[in-house]
Amino acid sequence: MTSDFVFELEDDPVPIVITFGTILKHSLSNPGHAAIARSITGCFSLASTTDPQSLTITIHGNHIHIRHGISDSAKIIVRLDFLKMSEPGYKPSVEGHWRHPLFAYKIGQLLNFPTSSWADDAKRFWDSAHSLAGMPKTIKFTSTDENRDLLFGEGDPEIEISGESKNLSHLLSGSTVLIGEVLAGRIRIHGSLHHLTILSEATLKMMLGEFDHG
Amino acid sequence: MDNEPFRGEENLESWLDRHHVDVIRTQATNLEGVAVGKYCNRRKFTKTLTHGHAISDMSLAMDLAGTLHLTLWHDFRHKTLGDIALKPDLDTLIPDGNDPNLGHCICDFVQVDGTPINLCPRTNLKRLVREIADMGYEVKATCELEFYLFNDSFNDARRKKYQNLEAVGASKLKTIYYLRNAYHAKTFMDEVTKRLDWYGIDWEGWSDENGVGQVELNLNPSDPVTIADTTVRTKQVIYEVAVDFDMSVTFMAHPIPGFSSGMHMHHSLTKNGEAVFYDADKPDNYSDLLRHWVGGMIKTMPGAVSYLCPTINSYRRLTEFSAPPLTATWGEENKSCALRLISRSADLTRVEHRLGAGDLNPYLGLAVILAGGIAGLRHQIAPPDEFNHIAWGLPESFKRLPRTITTAAEALGNDSYLKEILGAPEVEYWIKTRKLEWFSFHTEGGDPDAKQPTPWEYARYFEIV
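Q: Can you tell me about the environment of Ala408 of chain B, naming the residues and giving the values?
A: Residues and elements named next belong to chain B. Its location among the elements puts Ala408 in helix H10 (residues 405-413). Taking the C-alpha atoms as reference points, Ala408 and Pro324, 84 residues apart in sequence, are found 16 Å from one another. Once you skip the residues sitting within four places of it in the chain, Ala408 turns out to touch Val305, Ser306, Cys309 and Pro402.

Take a look at the structure:
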């Protein structure tokens, strides 16, 4: 449980800080990850290799502080593609690991977020978002690589969303926003502009931790 | 050829004949304060007067980069992307004066069957003015336009990524009212004021402002809708003269280090022609109505910041001792307060609202100011004590207004008065647009720690706001 961790975000946090706060809270509900976090003291920075976003996380006991930017006092700086960080075999570049090898090792474990299946992510997304105003009454998600459909709601689907499992998982767990994924061609939809917009808003809310999904 | 605007009593066809107008440029102002519209031939314009002529519904639902709002929804939109319409307001039809075949007409966004759209900034402002009229009052308002003028053309400015532009002026000193500085802008401003005269725009004067290359232009007060129309038209004229002169101009709130550009807004109320802000029987000449009006504006000011400072760049303007107010305060002849009251005589008594940034949407800016006043009257809100000190450099214990786009949006979300008067769906939609602006800045390359405007801000705002 994360209840014994105290999260403190910077004042007026930027999106990446909010997003990472949400991801970390979720991740620390896993007892193994919580134990790793409790064994860490110090701060580390994460910098995106795909855009200028960066953040610094300071862990001290059960207190976790997150702010934007790279800190001078960071023991290590991890440069990575945030979207790929949970993919098997993905190797971000790490500065400072020679000076702080154990710290770097633990951070590596901490950032290896427990993965959930796209189906679990889809269920959690639907549970969180289905009551938003304007949401489709029924959604069909299709994994194109698993060749598997999931239907949420009742009746015929008002919108169909399809893509590879990993892209669906990114989308439905708050790592990406629907419209961005559709424009990039990683996700396909069959539905109205209205529902595309409402679902894009819902995925943005997921990204910014505006749904309470524990 | 005269430059008389169209009068309702005249036959439209004969007015168009008399002015040789074959093409009418229609325009409406979207949420971001951007004028959008079409060049219509005369036949199309006259044939579609009743319900207006079609325009994509994205014209009212796009950000400053021209991207359709795809993470926020308002019920005026079509579920599969469709058309709305621009309905001409013939009271605004004027000949161009410079272009012998061209006329101009300001429009409201409506549905294709002519039904009003509440999200249209001009429609919403008109509704508030009617509401005040129903209370028996008439509002007069004006906007002060501030902008920066550069010798570089827009093409050159773009090539230079808007860096190291040559500001127009005699010196690099941050002076104000210096005639030597103003003279460097005179040829440009002569052309601007000539075109304003042709448009029938009642400008009062212009002068050198504090920033190097900064100019202020003042307009004669009018009813709020007309002054918002005039402000948008004037900005377009200034832009067009810059293009024609191979120069560039920007209404960004903070385009270069130093002084920023604001849009101070003055307003007053009358009833049957009598000034109602003034009461000669009161020791300070402030009427009870003025006190409630000010009380409402002060109470709603934290939320109003969102409309008055709409962009990421707007907030770079809010610094100590640089002219913009930082606190929800009011005072007689106090330019450090958000509300400067001027009560020298009944005729001159007015409120100068000093918070607005140069990049605001004048319809929304005036609407949120009037909404504050209406809230004050409706709920009999008493103002705080007059602030008789300098409202800058104050100890931390003095509450500041929101200083970021997100905190301002949050304050607006918490303001039940503004939602009640401006319309909750419209306020909620606006809040989402500000969140989108914030999100775009941070995820598209904006540097949250930059002390000066970032390349993202220049690319998004310099030529558009």
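Q: Quick one: what's the story with the domain arrangement of chain B, residue by residue and with numbers?
A: For an interface, size is often stated in terms of accessible area lost upon the parts coming together. All names here are of chain B. Splitting chain B by domain gives domain 1 (12-117) and domain 2 (129-461). Computed from C-alpha coordinates alone, the two centres of domain 1 and domain 2 are separated by 26 Å. Domain 1 puts 18 residues into the contact, and the matching count from domain 2 is 21 residues. Along the lines of polarity and charge, the residues of the side of domain 1 that touches domain 2 split into seven nonpolar, eight polar and three charged.

Q: Now, about the pairing of strand E8 (residues 203-208) of chain B: what can you tell me, with residues and values included?
A: Residues and elements named next belong to chain B. Bridge analysis of E8 against strand E9 (residues 214-219) gives five bridges, and the strand direction is antiparallel. By the bridge assignment, Trp203 is partnered in E9 with Leu219. As consecutive antiparallel partners, E8 and E9 are separated by five residues, and within that stretch Gly213 has a phi angle of approximately 90 degrees, a positive value.

Q: So what's going on with the sheet that holds strand E9 (residues 159-163) of chain A? Residues and values would help.
A: Residues and elements named next belong to chain A. Across the sheet, four strands lie side by side as E8-E7-E9-E10; this open sheet has mixed pairing. The open sheet is flanked by strand E8 (148-153) and strand E10 (187-190), the only strands paired with a single partner. Averaged over all pairs of adjacent strands, the angle between their axes in this sheet comes to 15 degrees, without regard to strand direction. Taken together, the four bridges between E9 and E10 define a ladder with antiparallel strand orientation. Note that in E10 the partner of Ser162 across the bridge is Arg188.

Q: Would you mind going over the nonpolar core in detail, with residue names and values included?
A: Ranked by size, the top nonpolar core spans 160 residues in total, and within it Leu149, Ala367, Val368 and Ala371 of chain B carry the most contacts. Once residues within four sequence positions are removed from consideration, Val368 of chain B is found in contact with Ala304, Tyr307, Leu308, Leu418 and Leu422 of chain B. Counting 25 residues, the second largest nonpolar core, distinct from the first, contains Phe20, Ala37, Leu46 and Ile66 of chain A.

Q: Tell me about the sheet that holds strand E1 (residues 6-9) of chain A, and name the residues and values.
A: All names here are of chain A. Strand order in the open sheet formed by six strands is E1-E4-E3-E2-E5-E6, and the pairing between neighbours is mixed. Two strands lie at the open edges of the sheet, namely E1 and strand E6 (93-95), each paired on one side alone. Within the sheet, the average angular offset between the axes of one strand and its neighbour, ignoring direction, is 20 degrees. Direction of pairing for strand E2 (residues 41-48) relative to strand E5 (residues 76-80): parallel, over a ladder of five bridges. The residue bridging Ser45 from the neighbouring strand is Ile77, located in E5. On the sheet, helix H1 (residues 15-27) packs against E1, strand E3 (54-60) and strand E4 (63-68) and is oriented at approximately 155 degrees with respect to E4.

Q: Lay out the packing of helix H5 (residues 179-199) of chain B against helix H6 (residues 224-244) of chain B with the relevant residues and their values.
A: All names here are of chain B. Close contact between H5 and H6 brings their axes to 10 Å; oriented N to C, the two are set at 135 degrees. Of the possible angle classes, the one that applies to H5 and H6 is oblique. Along this stretch, H5 crosses H6, giving a crossing that reads as right-handed. Across the interface between the two elements, Phe188, Glu191, Val192, Arg195, Leu196 and Tyr199 from H5 touch Arg233, Thr234, Val237, Ile238 and Val241 from H6. Classifying every residue of the contact of H5 with H6 gives seven nonpolar, one polar and three charged.

Q: Give me the interface of chain B and chain A: which residues, what numbers.
A: Between chain B and chain A, the residue contacts involve 17 residues of the former and 20 residues of the latter. Every element with two or more residues in the side of chain B that touches chain A is listed here: H10 and helix H12 (424-443) of chain B. In terms of residues, the side of chain B that touches chain A owes the most to one element, H12 of chain B, which gives three residues. Across the side of chain B that touches chain A, the residue classes break down as six nonpolar, eight polar and three charged.

Rules and cut-offs
Residues numbered from 1 in each chain as written. Chains lettered and ligands numbered in written order. Predicted model: local features only at pLDDT ≥ 70, side-chain atom pairs only at ≥ 80, totals over all residues. Helix = DSSP H or I, 4+ residues; strand = E, 2+ residues; numbered from the N terminus. Contact = placed C-beta atoms within 7 Å. Domains from an automatic or database assignment. Nonpolar A, V, L, I, M, F, W, Y, C, P; charged D, E, K, R; others polar. Pairing = 2+ DSSP bridges. Axes fitted to C-alpha atoms, helices over the stretch in contact; angles between N-to-C directions. Core = buried A, V, L, I, M, F, W, Y, C linked by C-beta atoms within 7 Å. Buried ≥ 20, exposed ≤ 12 C-beta atoms within 10 Å, placed from the backbone. Parallel < 35°, antiparallel > 145°, perpendicular 65-115°, else oblique. Left-handed = near helix turned anticlockwise from the far one by under 90°.

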